[in-house]
Amino acid sequence: MLVKNVKRPVPIACCLLLGASAALSGQPSGTVEIHILDQVAAKVSPQLYGLMTEEINYSFDGGLYAELIRNRSFKEDVKEPVHWSLVQENGGAGSMTLDPSTPFNDAVGTSLKLAISTSAKGQRVGIANEGFWGIPVRPNTQYHVSFYAKASPGFSGPITVSIVSDSGATVLASAQLPRISGEWRNYQVSLTTGGIAPSAQNHFVISTNQAGTVWFGMVSLFPPTFKNRANGNRADLMQLLADMKPAFLRFPGGNYLEGNTIATRFEWKKTIGDASRRPGHLNDGWKYWSSDGMGLLEFLNWCEDLQIRPVLAVYAGYSMHQERVKPGSDLAPYVQDALEEIEYVTGGPNTVWGARRAKDGHPAPFQLEYVEVGNEDNFDREPGSYDARFAQFYDGIKAKYPALSIIATTKVNSRMPDVIDEHYYRRSEDEMAAHAHDYDSRARSLPKVFVGEWATRVGEPTPNMSAALGDAAWMTGMERNSDLVIMSCYAPLFVNVNKGAMQWRTDLIGYDGMSSYGSPAYYAQQVFSRNHGDEVLASSVQGIPSKEWQPPAPRQRPAAPGQVQTPTAQPPPEQVPLVFFDTTRDSKSGSIYLKVVNRAGMPQAVHVKVDGTAPLDSRGQLITLAANSPDDTNTITEPRKIVPVTSTVEGLGQDFTRTFPPYSISVLQLKRK
Ligand code: AHR
């Protein structure tokens, strides 16, 4: 019997479970029967698919932010100029030390001192930077060098800047600056490579053959960037993001927003303006230094370059080591700071912070619709803390910006947030799939839901096909319930795959200095985000096969000191579906997008019947992302093993049967005749 589902949300869930239980009760799964009706069950949010970002896994420094010099302002370590080394060649001699007694400026209270004791023609003394796992270079490419320097009396130069292969055998590009002044000055020069082989096993050198002392301030080396932005982003990574057709960017974190302590939170005011005046900060949550080259305006420019909306998360007075600010007068400056941040984003040039943004190079205000107050404040163990902090932020923001929608990071009672951010990291494909119907029966009362972080955590450093299948199952649930789930973004977005760069496994996009790739989960996202309509069609299903699955025992919080931890009981086994689907329609073109996720290791026949819609063509488009094994994946050396394949298919229409391959994610576009 075909169970009709004309009203959502409950009947959809209900009929899917009926389908699953048919298989459960021992009947052969056979053909899955999908019945699609000409009835709009929900609207699909135009901003359902977006991006989430933070400084993790060398996402910005050593990642998207195109700067090639590591520890460019010498603040990464207070004792040593880490990632820098002294160059002494052919008898030249000198020393290299951090020199806090010669601060570079009032934001960067140190400089790098190069004292050259012996150097003459043919000799060389200098400083070399190893970059982020090397300095990647390509043939016939122009690199932009900028550094600050001042010289001791008597030293005038010249100074040579070059990119040199680690073997020392090849100078890949070089330029000379004839004079260095006795005052702090900025020097800029281009380095252009010739017909060299692309490689990352190189370093950057500033050297001289004159004796004397030179102090250096921020040393920077940029390759060409996306849309040629100064202080911009890596073009290949931006293109991967653009190809996802996202609607928004949630930034700046995640844990990176909060810091372990209040002192190490993301302080937006220290991330704007001239990059040489940004102090940088210890990203202690993920345990490495952040140059803050990717600052507030760079996040906004990133949005502008992809033509997407910012979702701005503001620091809300809680940091991860249980440091929190007391609501009331203690919290008031933090609320004010958030209001000023919003003004920096949205204010006209006649406002204080809008004027500051204009001075920083962007006179036009950015459009902002959503502000998120904090991150994962469910981890704040003080009862009532977030409720009170949220209320203070909510009141402050709504008073000045009533049109803004405010996102809470966990349940609150004090105010009704416009949206609530829910995070789901699942430990297996089955676990993700087991939750794919969670939203079907969720009450439609406010607030709306933003699934602001989620992932099936299988695969390292990037998710494999099994994870992509779990993700796809989950995405059918979000899409089907997109009247409630209005926004979603996978996390984390990026990982530098070099040894030692990763703090969190299962990241959507991997890269090293030279190249980048999308994981199977990346392509699943891309396929979902690029292929959906604006309305969910009512549908019913029968005959969904399922398998037995053992849910993990619930996670436990660590026991408080002096308390004994009682083990949590293992939940009973459950049945979890192997096939998932959802159906949306583009109201303008009439095209119907049927997504089918076959998690099984066998092909799955699906009989589709469409009732009541405008007649559908027998020819349509099929996009398939499939693998031979759920363990298959893409890597930096095999980046395109699993990619979507698009084809034109025949035999579609109002009533057809099609077989979907094992381990596959498919979108059938049924076009109006
Ligand atoms: O995505 C990695 C981390 O997971 C985020 O920083 C945090 O919000 C979540 O716990």
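Residues numbered from 1 in each chain as written. Predicted model: local features only at pLDDT ≥ 70, side-chain atom pairs only at ≥ 80, totals over all residues. Heavy atoms only, no water.

All right, on to the overall build of the protein chain then. A tally of helices and strands in the protein chain yields 10 helices and 36 strands. Radius of gyration (C-alpha) of the protein chain: 28 Å, near the 26 Å computed for a compact globule of 673 residues. Projected onto its principal axes, the C-alpha coordinates of the protein chain cover approximately 95 × 60 × 55 Å. Taken across its 673 residues, the protein chain has 60% of its residues classed as buried. Of all intrachain contacts in the protein chain linking residues separated by at least 6 positions in sequence, the fraction that spans at least 24 positions is 76%. Computing the positive centroid from 63 side-chain charges and the negative centroid from 68, the protein chain places the two 3 Å apart. (Helix = DSSP H or I, 4+ residues; strand = E, 2+ residues; numbered from the N terminus. Rg over C-alpha atoms; globule rule 2.2 N^0.38 Å. Buried < 20%, exposed > 50% of the residue type's maximum accessible area, 1.4 Å probe, protein only. Contact = heavy atoms within 4.5 Å. Lys, Arg positive; Asp, Glu negative; His and termini not counted. Charge placed at Lys NZ, Arg CZ, Asp CG, Glu CD.)

Every residue near the ligand is listed here: E54, G254, N255, W286, N375, E376, Y425, E453, P492 and W504. A distance of 2.6 Å is found between an oxygen atom of the ligand and a side-chain nitrogen or oxygen belonging to E376. Residue E453 places a side-chain N or O atom 2.7 Å away from an oxygen atom belonging to the ligand. Contact with the protein chains removes 94% of the 280 Å² of surface that the ligand exposes when unbound. Split into classes, the residues belonging to the shell around the ligand amount to four nonpolar, three polar and three charged. (Near = heavy atom within 4 Å. Polar contact = N/O pair within 3.5 Å; in protein donor to acceptor, adjacent residues only side chain to side chain. Areas by Shrake-Rupley, 256 points an atom, 1.4 Å probe, with all protein chains shown as cover. Nonpolar A, V, L, I, M, F, W, Y, C, P; charged D, E, K, R; others polar.)

Summarising the model, the protein chain shows a mean pLDDT of 94, and 94% of its residues fall at 70 or more. Confidence drops under pLDDT 50 across residues 1-28; counting only partners more than four residues distant or on other chains, this segment forms 56 contacts. (pLDDT = per-residue confidence, 0-100.)

Once that is clear, we can look at the sheet that holds strand β24 (residues 494-496). Read from one edge of the open sheet, three strands run β24-β25-β26, paired in mixed fashion. Of all strands in the sheet, those bounded by a partner on one side alone are β24 and β26 (516-518). Taken pair by pair, the neighbouring strands of this sheet meet at an average axis angle of 20 degrees, ignoring direction. Packed on one face of the sheet, helix α2 (residues 235-243) meets β24, β25 (509-511) and β26 and runs near 15 degrees to β26. (Pairing = 2+ DSSP bridges. Axes fitted to C-alpha atoms, helices over the stretch in contact; angles between N-to-C directions.)

It is worth spelling out the packing of aromatic side chains at this point. Counted under the stated rule, the structure contains 29 aromatic pairs. Taking 5.8 Å as the distance between ring centres and 75 degrees as the angle between the ring planes, the aromatic pair formed by F494 and Y511 counts as edge-to-face. Here F494, found in strand β24, pairs with Y511, found in strand β25; they are 17 residues apart in sequence, far enough to count as distant. Looking at Y511, the relative accessible area reads 0%, which means it is buried. One cation-aromatic arrangement involves K595 over F528; the distance from NZ or CZ to the ring centre is 4.8 Å. (Phe/Tyr/Trp six-rings, centres within 6.5 Å; stacked < 30°, edge-to-face > 60°. Lys NZ or Arg CZ within 6 Å of the ring centre and 35° of its normal.)

Here we take up the sheet that holds strand β10 (residues 185-192). Each strand in a sheet pairs with another by means of backbone hydrogen bonds, the pair being arranged parallel or else antiparallel. Strand order in the open sheet formed by five strands is β4-β5-β12-β7-β10, and the pairing between neighbours is antiparallel. In this open sheet, the two edge strands, each paired with only one partner strand, are β4 (93-98) and β10. In this sheet, neighbouring strand axes are inclined to one another by 30 degrees on average, regardless of whether the strands run parallel or antiparallel.

Where helix α9 (residues 465-480) meets helix α10 (residues 520-530), the axes come as close as 8 Å, and the angle between the chain directions of the two elements is 25 degrees. One element, α9, and the other, α10, form an angle in the roughly parallel class. The two elements α9 and α10 cross, and the hand of that crossing is right-handed. Between α9, through M465, A468, D471, A472, M475, T476 and E479, and α10, the contact on the second element is made entirely by P520, A521, A524, Q525 and F528. (Parallel < 35°, antiparallel > 145°, perpendicular 65-115°, else oblique. Left-handed = near helix turned anticlockwise from the far one by under 90°.)

Counting residues in each nonpolar core, the largest one holds 107 residues, and the members touching the most others are L241, W302, F393, I397, I509 and I665. Looking at this core element by element, the count peaks at eight residues for α9. Aside from chain neighbours lying at most four places away, what touches L241 is L51, P246, W302, L306, L493, F494 and I509. Formed by 37 residues, the second largest nonpolar core is a distinct cluster that contains I69, F74, V161 and I206. (Core = buried A, V, L, I, M, F, W, Y, C linked by side-chain atoms within 4.5 Å.)

A word on the environment of G91. Along the chain, G91 turns up in the loop between β3 (84-89) and β4. Taking C-alpha positions, G91 is 7.4 Å from S119, a pair spaced 28 residues apart along the chain.

The next thing to look at is the pairing of strand β32 (residues 604-611). Looking along a regular strand, one sees the side chains alternate between the two faces of the sheet. Here β32 lies mainly inside the structure; six of its eight residues are buried. Alignment of strand β1 (residues 32-43) against β32, held across six bridges, turns out to be parallel. Paired with L37 across the two strands is D611, which belongs to β32.

Buried residues dominate helix α4 (residues 296-306), accounting for 10 of its 11 residues. Buried within α4 we find L296, L297, E298, F299, L300, N301, W302, C303, D305 and L306.

What follows is about the packing of helix α5 (residues 332-346) against helix α6 (residues 352-359). Where α5 meets α6, the closest approach of the two axes is 7 Å, and the angle between their N-to-C directions is 50 degrees. By the angle between their directions, the pair α5 and α6 is classed as oblique. For the pair α5 and α6, the sense of crossing is right-handed. Of α6, the residues touching α5 (which contributes E340, E343, Y344, V345 and T346) are V352, W353, G354, R356 and R357. Residue composition of the contact of α5 with α6, by class: four nonpolar, two polar and four charged.

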